[in-house]
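Okay, here's what each chain looks like letter by letter:
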Amino acid sequence: MATSTSRAPDASSALVGSRLYTAVRAFVVLTLTYVIIAGLLGSIPQLSILEETARNLYFHVPMWFSLMGLTVVSAYHSLRFLQTGDLLRDVRAREAARVGMLFGIIGITTGMMWARFTWYEGTNKWWNFDPKQSMAAILLLIYGAYFVLRSGIDIAEKRGRIAAVYNLFAVVTMPFLLYVLPRQMDSLHPGAEGSPTFSQTDLAPAMRWIFYPAVLGFFGLAWWIYTQRVRVAWLEDDARDEPDL
Amino acid sequence: MNWIRGAWAVFRKDLRTELRSRYAVNVLLMFVLSALLLVLFAIGQESVSERVQSALLWIVILFSASIGLGRSFISEEETGTMLLLQLNTRASMVFAGKLLYTLLLVLGLNTVAVLVFLIVLGIPVRSPGLLAATLALGALGLSGATTLLAALIARAARSGPLLPVLLLPLLVPLLLSVVTATRKAILGAGWAAAETELLTLVGFAGATISAATLLFDYVWMD
């Protein structure tokens, strides 16, 4: 206990500035409340096939943006861990990957429901091997393997190093999964067949006022959950007799 | 020149110890043969499309590799030769030597698997050159990823069947490209038609081998 009493009692708040945290929390609460109300009740262009399901855009797409953001955060902290050996970096990489998985699972679920009632309407199919859908599933498998690898190693420093190497190696193969291969195959997703992703013309002007706040709001939510999980991990570690961090 | 000689020495050491016991080669051979025969018996007399043929062939190859190739670093740890290698060679030499050795094994594995598969199913290959190029590029990408991950799992306390879990999701880009290229080779589509797949394979092998070379240092040192 000697080590933990020697630290300042609120040392965990040094992980995230409390003012920044309060500001982001207020932003997330306000923005997501607005997005949920305006997203479900606001008017949208009525397009055939899409119809009311277009509202899913506000929820499905930000999930993937947040997953990509968290993937980058996780890889960045893995790289920094290899450079510095600071175990807090490893905790950050782990928690970013975990929150990323959560967003990925929600993204894939919202995507499946959306596809079920638009692209595959009348076929009763939930899964039809759309390239982006399949690649997203593979991405989740890679993160699953990352956590399996972590659970196979007991020494914290070694676990961090080995997991960081796997994480960075996986990031190298991700461009193939997400950008190279989906463009070689037929897809119903916007951005297939060589065109750049999501273009400006895909989005009606009225929807932008909800879509852009939704993206920012879910980014904020991802950051919020991620920083809280890092703090919890820090506190749990600090409560042990011999903290690693 | 010292670096090349060191890497070559690691490769020769691996090859020589392997030729003494022939354990890894035999495991790999028996696994690929039994898996292929199981697949062939399960298909029976049914005629399957070229797409399914190449998919089955590559799934057998990838599973055999992921199960048979995990030993190269675990055996160093078991026999206690890890420390000697760490003292006498640089990390990149060990990686290059092991990569070369794995590549040799994978090339052998691919050749055996393809020959058995083509002969038993009686498939005529219309573009043999394209098929050979696909096998070689596939082997290159496969051995780069396998060598790094084999070093990783040698460090894990509970290694068990960890390699397939780590390796297979990473190899999906490789699998998709080699399956399409193999199908085109069987159909005789020619080099120009398979350009995209071959370029993707070159890119994949280049990206994984460069990343593995950079990352290997962190796995190797204690």
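Just so it is clear, the structure is predicted and the values come from calculations on it, not from any experiment.

A. Broad picture of the interface of chain B and chain A. Opposite the 30 residues of chain B that make contact, chain A presents 28 residues. Carbon and sulfur atoms supply 78% of the area buried between chain B and chain A, which totals about 2,600 Å² over both sides. When the area that chain B buries against chain A is broken down by residue, the three leading residues are Arg-158, Leu-170 and Tyr-218 of chain B, summing to 21%. Taken together, the connections running from chain B to chain A amount to three residue pairs in polar contact (both at pLDDT 80 or more). In terms of residues, the side of chain B that touches chain A owes the most to one element, helix α10 (residues 195-220) of chain B, which gives eleven residues. Looking at the side of chain B that touches chain A residue by residue, the classes come out as 22 nonpolar, five polar and three charged.

B. Seen up close, the packing of aromatic side chains. One pass over the structure, following the stated rule, counts eleven aromatic pairs over all chains. On the basis of an interplanar angle of 75° and a centroid distance of 5.4 Å, the ring pair of Phe-176 of chain A and Phe-204 of chain B is categorised as edge-to-face. Residue Phe-176 of chain A is located in helix α6 (residues 156-184), and its partner Phe-204 of chain B is located in helix α10; the two belong to separate chains. Of the two residues, Phe-176 of chain A and Phe-204 of chain B, both sit in the buried class. Of the aromatic side chains, those joined through ring pairs into one cluster are Phe-73, Phe-95, Phe-216 and Trp-220 of chain B. The cationic tip of Arg-231 of chain A hangs over the ring face of Tyr-21 of chain A; the distance from NZ or CZ to the ring centre is 5.7 Å. Above the ring of Phe-73 of chain B, the side-chain terminus of Lys-98 of chain B is found at 5.0 Å from the ring centroid.

C. Main features of the nonpolar core. In terms of nonpolar packing, the biggest core is built from 108 residues, with Tyr-166 and Phe-169 of chain A together with Leu-149 and Phe-216 of chain B touching the most fellow members. Excluding its chain neighbours within four sequence positions, the residues that come into contact with Tyr-166 of chain A are Ile-142, Ala-145, Tyr-146 and Leu-149 of chain A together with Leu-149, Leu-152, Leu-166 and Leu-170 of chain B. The next biggest cluster of nonpolar side chains, apart from the first, holds 34 residues, and it includes Ile-210, Phe-211, Ala-222 and Tyr-226 of chain A.

D. Looking closely at the side chain of Thr-110 of chain A. Residue and element names in this part refer to chain A. Relative to the helices and strands, Thr-110 is located in helix α4 (residues 87-117). With a relative accessible area of 12%, Thr-110 lands in the buried category. Not counting the four nearest positions on each side in its chain, Thr-110 is found in contact with Asn-56 and His-60.

E. Structural detail: the environment of Val-230 of chain A. Residue and element names in this part refer to chain A. Assignment of secondary structure puts Val-230 in helix α7 (residues 205-239). What makes Val-230 buried here is its relative accessible area of 1%. In this structure, the C-alpha to C-alpha distance between Val-230 and Gly-111, residues 119 residues apart in sequence, is 29 Å. Those residues in contact with Val-230 that sit more than four places away from it in its chain are Leu-15, Leu-88, Val-91, Arg-92 and Glu-95.

Cut-offs applied
- Residues numbered from 1 in each chain as written.
- Chains lettered and ligands numbered in written order.
- Predicted model: local features only at pLDDT ≥ 70, side-chain atom pairs only at ≥ 80, totals over all residues.
- Heavy atoms only, no water.
- Contact = heavy atoms within 4.5 Å.
- Buried area = accessible area lost by both parts, 1.4 Å probe.
- Polar contact = N/O pair within 3.5 Å; in protein donor to acceptor, adjacent residues only side chain to side chain.
- Helix = DSSP H or I, 4+ residues; strand = E, 2+ residues; numbered from the N terminus.
- Nonpolar A, V, L, I, M, F, W, Y, C, P; charged D, E, K, R; others polar.
- Phe/Tyr/Trp six-rings, centres within 6.5 Å; stacked < 30°, edge-to-face > 60°.
- Buried < 20%, exposed > 50% of the residue type's maximum accessible area, 1.4 Å probe, protein only.
- Lys NZ or Arg CZ within 6 Å of the ring centre and 35° of its normal.
- Core = buried A, V, L, I, M, F, W, Y, C linked by side-chain atoms within 4.5 Å.

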